[in-house]
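Chain residues, written in single-letter form:
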Amino acid sequence: MTSPNHLNALRAFEASARHKSFAAAAEELHVTPAAVGQLVRGLEEWLGDSLFHRANSGKTRLVPTELAEQALPDIRAGFEKLSLGVERLKDGTRRSVLTVTVSPAFAAKWLLPRLHRFQAAWPDIDVHLDTNHKPIDFSRERVDIGVRYGPGKWKGVVAQELMHEAVYPVCSPQLLRDPHRLQSPAALLDETLIHDLSMEGYDGFPSWGGWFRKAGLTDADSSRGLQINNSAAVLQAAIDGQGIALARGVMVHDDIVSGRLIRLFDEVMCASSLAYYVIHRPEVTHVAKVQAFREWLLEEAGLSCRIPSAPAL
């Protein structure tokens, strides 16, 4: 095999193994299924061994052999390094593009209000912001760095803690115009509760039930109210006066500082076991644009880590 064909065959093999289909691999590689099959067969002939168990029927007709499964991690790592090398060549000939992945809510409530400071400090780096809740393959999607909320362990990436947080009730200032309203945690039982479902199912993410238990209200019915699966929308509903939100401290920080929302009952502390982490592939740790953005994130997090206090009611 010549070198270019060798690389093409390895790429066809890797894509076929990932999709378990020549047709799906062909769609990704923008060639025909016949071309993918020919490349894989050529690689098998060169190796003198089969790379797939092939079936004529059934849902999965292409299953990697044990030999193939053993080789795939190294082949994928090799392609990642090749892609990184090409990106470095491109960065030397044009403006550097940094692809950043964050959740839509984190982008809206924390990152975007601060991003102009990074752009002012690093005018030669163009930020491509990808807002997505779904798990992302950093190599395949060409993502450089991201921020994720969770337990801090994700396969295939380096994770560095950015910010931890507490959760606490917040409301619109208009709900406090009545001086006799919201005088104690028990008063929340007469209000519309706004539930954040964005991290539902994650162990350690505080809920209204957990907050009421912290407040000593063990028999409180906290299941009713408005339920929303986006943290930014939860806060907007509270800003609009639709009820009392159990807010994530990082997300709500700027709304409290600006006076759009008021923190309630800061004597009841309810910390989350989850946190925000900066994540990226290990091989880009020392890439200049990734280093610059990671350090800037850590600096910004330090500036906004203080939890605003509740007013005296």
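Our structure's up above, just so we're on the same page.
Participant: Kindly report on the overall build of the protein, identifying the contributing residues and their values.
Facilitator: Scanning the protein from terminus to terminus reveals nine helices and eleven strands. Relative to a compact globule of 313 residues, whose C-alpha radius of gyration would be 20 Å, the protein shows 25 Å and is clearly more extended. Long-range pairs, those at least 24 residues apart, make up 77% of the contacts in the protein between residues at least 6 apart in sequence. When the accessible surface of the protein is totalled, it reaches about 16400 Å², and 52% of it is carbon and sulfur. Between the centroid of the 34 positive side chains of the protein and the centroid of its 37 negative side chains there is a distance of 3 Å.

Participant: So what's going on with the pairing of strand S6 (residues 158-171)? Residues and values would help.
Facilitator: As defined by bridge partners, S6 adjoins strand S11 (residues 271-280) across seven bridges and the pair is classed as antiparallel. For Gln160, the partnering residue across the bridge sits in S11 and is Val278. By the bridge criterion, four bridges tie S6 to strand S9 (residues 244-248) in an arrangement that is antiparallel. Bridge pairing in S9 places Pro169 opposite Leu246. Of the pairings in the sheet, the one linking S6 to strand S10 (residues 262-263) comprises two bridges and is antiparallel in character. The residue bridging Cys171 from the neighbouring strand is Ile262, located in S10.

Conventions used here
Residues numbered from 1 in each chain as written. Predicted model: local features only at pLDDT ≥ 70, side-chain atom pairs only at ≥ 80, totals over all residues. Heavy atoms only, no water. Helix = DSSP H or I, 4+ residues; strand = E, 2+ residues; numbered from the N terminus. Rg over C-alpha atoms; globule rule 2.2 N^0.38 Å. Contact = heavy atoms within 4.5 Å. Areas by Shrake-Rupley, 256 points an atom, 1.4 Å probe, with all protein chains shown as cover. Lys, Arg positive; Asp, Glu negative; His and termini not counted. Charge placed at Lys NZ, Arg CZ, Asp CG, Glu CD. Pairing = 2+ DSSP bridges.

Any functional reading would require information that these geometric values do not contain.
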